[in-house]
Amino acid sequence: MGQVTGLYFSPCGNVENIVRTMASAAAEKLGTEPQFVDFTRPMARKKDYIFGPEDLVFVGLPVYAGRLPNKIAPFVAAGIRGNGGAVPVVCFGNRSFDNALAELFSLLQQDGFAIPAAAAVVGQHAFTAALATGRPTPEDLEAARAFAVRAAEKWLDGACLSQRDIPGQPDASYYRPLGLDGAPADFLRATPTVDYALCNHCGTCAAACPMGSIDRDDPGKTVGVCIKCQACVLKCRRGARSFTDRAFLSHRDMLERDYARPAENCFLV
Ligand SMILES: Cc1cc2nc3c(=O)[nH]c(=O)nc-3n(C[C@H](O)[C@H](O)[C@H](O)COP(=O)(O)O)c2cc1C
């Protein structure tokens, strides 16, 4: 048996929590120490990650607009390769994972991996703490552990899933966010605003930005792509950052109104 590795992109921490839990449980089952690769920061995506035939990797990303984050999927396609086993894992914020798991499954298969299992797990929504509050809960993580153990057993048995087993289509359209009035809410160009009365220029937001898009000298300046991940908003200890864009807020309010029911995890193994 080779190594068990958890690889993840996780601006706000839910994917990290889930993937680390799964990789640790699988490694314990297989009698090895888990390894971890966090490719959230831009520097970590400048390298390639290559795995051997004996290795099992858990690869986790969040669901953005029903698919994988479109600025990060190309890295999964080009920067991760292997001829062992991979378990695609997506985390979604209580609305739906739509086509994201199918997309990740397809990419990892093209990267050369065999896929014994796949999962979509609910995590508190980055846009609002009112959706999937506190998830993944201890019960969600217990279920994730049990799933990972079954995934490891299946990998040892040599059994695999096929694309047909995964809900959704790998190349479907992105989900189009709606506002409270049901009309499309376009906040593609929105960027966080900064309250300079609260900001003390500590640099936490710039360090947290997975796109490296926040100016270190003036954190109010967005100098590259903003993927709306909310890492800078959630990690600012002084509450100095927020999204005030009207379309964004209308979409957030719609989600709170229409997607309050608890969504279910999906474990395919
Ligand atoms: C830009 C963006 C788009 C999102 N789109 C969806 C979605 O389509 N469906 C859903 O259920 N959750 C959606 N979410 C919620 C995330 O999937 C959820 O917050 C996830 O836990 C984020 O992972 P992280 O904590 O590792 O960053 C979205 C979040 C962001 C930031």
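Values in this document were obtained by computation on a predicted structure and should not be read as measured data.

Neighbouring residues of the ligand: 25 residues in total, closest Cys-12, Asn-14, Pro-62, Gly-93 and Gly-123. Contributions of two or more residues to the shell around the ligand are made by α1 (14–29) and β6 (85–92).

Moving on: the domain arrangement of the chain. As far as domains go, the chain holds domain 1 (4–173 + 262–268) and domain 2 (193–244). Facing the nine residues of domain 1 at the interface are nine residues of domain 2. Taken together, the residues that form the side of domain 1 that touches domain 2 break down as six nonpolar, one polar and two charged.

With that out of the way, let us pick up the packing of α1 against helix α4 (residues 138–157). Running from N to C, α1 and α4 point in directions that differ by 45°, and their axes come no closer than 8 Å. Judged by the inter-axis angle, α1 sits oblique to α4. Crossing of α1 against α4: the hand is right-handed. On α4, the residues touching Ile-18, Thr-21, Met-22, Ala-25, Ala-26 and Lys-29 of α1 are Leu-141, Ala-144, Arg-145, Phe-147, Ala-148, Val-149, Ala-151 and Ala-152. Here the residues of the contact of α1 with α4 sort into 11 nonpolar, one polar and two charged.

A few words on the pairing of strand β7 (residues 118–122). Side chains on a regular strand alternate between the two faces of the sheet. Extensive coverage of β7 is indicated by the burial of five of its five residues. With burial as the criterion, each face of β7 is covered, one bearing Ala-118, Ala-120 and Val-122 and the other bearing Ala-119 and Val-121. Taken together, the four bridges between β6 and β7 define a ladder with parallel strand orientation. Counted as the bridge partner of Val-90 is Ala-120 from β7. Handedness of the crossover joining β6 and β7 through helix α3 (residues 100–110) is recorded here as right-handed. By the bridge criterion, three bridges tie β7 to strand β10 (residues 266–268) in an arrangement that is antiparallel. Considered in β10, the bridge of Ala-119 is made with Phe-267.

This part covers helix α7 (residues 246–258). Residues separated by three or four positions in an α-helix point in the same direction, a consequence of the helix having 3.6 residues per turn. Helix length check: α7, at 13 residues, gives a terminal C-alpha distance of 18 Å against a target of 18 Å (1.5 Å per residue), a fit within 8%. Regarding α7, the residues found buried are Phe-248, His-251, Arg-252 and Leu-255. All buried residues of α7 fall inside an arc of 100° around its axis, so they share one side. Exposed and oriented more than 90 degrees from the buried face of α7 are Arg-246, Arg-257 and Asp-258.

Here we come to α3. Most of α3 sits out of view: nine of its 11 residues are buried. Buried residues of α3: Ala-100, Leu-101, Ala-102, Glu-103, Leu-104, Phe-105, Ser-106, Leu-107 and Leu-108, and no others. Looking at the buried positions of α3, the neighbouring elements they touch are β4 (56–62), α2 (73–79), β6 and β7. Immediately beyond the C-terminal end of α3, within one or two residues, lies Gly-112, with a positive phi of roughly 110°.

Here is what the cut-offs are and how they apply
Residues numbered from 1 in each chain as written. Predicted model: local features only at pLDDT ≥ 70, side-chain atom pairs only at ≥ 80, totals over all residues. Near = placed C-beta within 6 Å. Helix = DSSP H or I, 4+ residues; strand = E, 2+ residues; numbered from the N terminus. Domains from an automatic or database assignment. Contact = placed C-beta atoms within 7 Å. Nonpolar A, V, L, I, M, F, W, Y, C, P; charged D, E, K, R; others polar. Axes fitted to C-alpha atoms, helices over the stretch in contact; angles between N-to-C directions. Parallel < 35°, antiparallel > 145°, perpendicular 65-115°, else oblique. Left-handed = near helix turned anticlockwise from the far one by under 90°. Buried ≥ 20, exposed ≤ 12 C-beta atoms within 10 Å, placed from the backbone. Pairing = 2+ DSSP bridges. Right-handed = clockwise from strand over helix to strand, strands pointing away. Expected span 1.5 Å × (residues − 1). Arc of directions from axis to C-beta.

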